[in-house]
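# Observations on chain architecture
For reference, the chains in residue letters:
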Amino acid sequence: MKKEILATSVALGLTALALHAATEKPLKTVNFVDIKKYLGTWFEIAAFPQPFEKGCSCTSATYGLNADGSVIVKNRCIKDNKLKVTEGKAWVTDKGTNSKLAVQFFWPFKGKYWIIDLAKDYSYAVVGHPNRRYLWILSRRPTLDDQTYNQLVVRAANKGFDVRKLEKTEQIGDFSLI
């Protein structure tokens, strides 16, 4: 029994050390994002809980292009049995990669929207913030297979995110067109 407790304590300590070491490194984004391919609807598969999403299910985000090159952001969710829609604007802050964006829903507040993982076919994406307090796993479909999901969680953990905070998002339908 003492050996098991000791082994568990050592494993937890090493995990905490690895997490701390990873969070000390600058957050690496993907090498390049084709913004036109990124446009469209993304479904939230899992995320770190945030006050602005509390009580939401069926969460999705739809991105479109403005004439000035900025991105229209339309977030939707079901909250208290009602459709909740929030509109904002995003713009690329790193023109070399297009993987770092700023997003704004309420002036003057802006947030960092960094794409840290992206499928070659743009079927899934992982978005985080460099402070590692925000994380979203997104998919083009309301569901994501377990193997892919688990791989994305491991990769996010390797980038310093405390993936124990991740909560899966209930997706019972496609409300993106409403």
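To keep things clear, this report deals only with the structure shown in the data block. (Residues numbered from 1 in each chain as written. Predicted model: local features only at pLDDT ≥ 70, side-chain atom pairs only at ≥ 80, totals over all residues. Heavy atoms only, no water.)

### Some details on the side chain of Q104
Stated precisely, the cut-off is as follows: A run of H or I in DSSP counts as a helix once it spans at least four residues, and a run of E counts as a strand once it spans at least two, with each numbered from the N terminus. Whether two residues touch is decided by their heavy atoms; if any such pair falls within 4.5 Å, the residues are in contact.
Within the secondary structure, Q104 sits in strand β5 (residues 100–106). Non-local contacts of Q104, meaning those with residues more than four positions away in its chain, are made with G88, K89, W91, F109 and K110.

### Some points on the pattern of salt bridges
Going by this rule: Here, a salt bridge means any Lys or Arg side-chain nitrogen found within 4 Å of an Asp or Glu carboxyl oxygen.
A complete count under the given rule lists four salt bridges for this structure. The residue K89 makes a salt bridge to D68 at a minimum N-O spacing of 3.7 Å. Taken as a pair, K89 in strand β4 (residues 82–92) and D68 in the loop between β2 (57–65) and β3 (71–79) lie far apart in primary sequence, 21 residues in all. The closest approach of N and O atoms between D162 and R164, which form a salt bridge, is 2.8 Å.

### Things to note about the nonpolar core
Selection criterion: Side-chain atoms within 4.5 Å link the members of a nonpolar core, which is a set of buried Ala, Val, Leu, Ile, Met, Phe, Trp, Tyr and Cys residues. Relative accessibility thresholds used throughout: buried, under 20% of the residue-type maximum; exposed, over 50%; partly exposed, between the two (1.4 Å probe, protein chains only).
Counting 22 residues, the largest nonpolar core has V33, Y38, Y63, Y113, I115 and L118 as the members making the most contacts within it. Considering every element that reaches this core, the biggest residue donor is strand β6 (residues 109–118), with three residues. When neighbours within four sequence positions are excluded, I115 is seen to be in contact with T29, V30, V33, Y38, N98, S99, L101, V126 and V127. By size, the runner-up hydrophobic cluster in this structure holds 18 residues, among which are F48, V126, L144 and V153.

### Digging into helix α3 (residues 146–158)
What counts here: Expected helix span is given by 1.5 Å per residue-to-residue step, counting one fewer step than there are residues. Directions from the helix axis toward the C-beta atoms define the arc.
Spanning 13 residues, α3 covers 18 Å between terminal C-alpha atoms, matching the ideal 18 Å at 1.5 Å per step. Taken as a whole, α3 has its buried residues at T148, Y149, L152, V153 and A156. Projected down its long axis, α3 shows its buried positions confined to an angular sector of 135°, all on one face. Exposed positions of α3 whose direction lies more than 90 degrees from the buried face are D146, Q147 and N158. Looking at the buried residues of α3, the elements they touch are β1 (40–47), β6, β7 (124–128), β8 (135–139) and β9 (167–168).

### Some details on the pairing of β7
We count it as follows: Between any two strands, at least two bridges found by DSSP are needed for them to pair.
For β7, the tally of buried residues reaches five of five residues, placing the bulk of the element in the interior. The side-chain alternation of β7 yields two buried faces, one formed by Y124, V126 and G128 and the other by A125 and V127. Here β6 pairs with β7 via four bridges, running antiparallel. Within the sheet, the bridge partner assigned to I115 lies in β7 and is V127. The antiparallel pairing of β6 with β7 creates a hairpin that spans five residues between the two strands, and Y122 there sits at a positive phi of about 60°. Pairing geometry for β7 and β8, over five bridges, is antiparallel. Pairing of Y124 across the sheet is with S139, part of β8. Counting the residues in the hairpin turn of β7 and β8 gives six residues, including R132, whose phi is positive at 65°.

### Regarding the side chain of Q50
Relative to the elements of secondary structure, Q50 occurs in the loop between β1 and β2. Judged by relative accessible area, Q50 falls into the buried class, the value being 11%. Excluding residues that lie within four positions of it along the chain, Q50 makes contacts with R133, Y134 and W136.

### Here we look at the environment of L27
Here L27 is to be found in the loop between α1 (2–24) and α2 (35–38). Along the sequence, L27 and P130 sit 103 residues apart, while their C-alpha atoms lie 5.5 Å from each other. If near-sequence neighbours (up to four positions away) are discounted, L27 is found in contact with W114, I116, H129, P130, R132, K159 and F161.

### Side note on the state of the cysteines
Here is the rule we go by: By convention in this document, the label disulfide applies to cysteine sulfur atom pairs within 2.5 Å.
Evaluation of the coordinates by the stated rule reveals one disulfide. Free cysteine: C58, not disulfide-bonded; nearest cysteine sulfur from C77 at 8.7 Å. You can call C58 buried: its relative accessible area is 3%.

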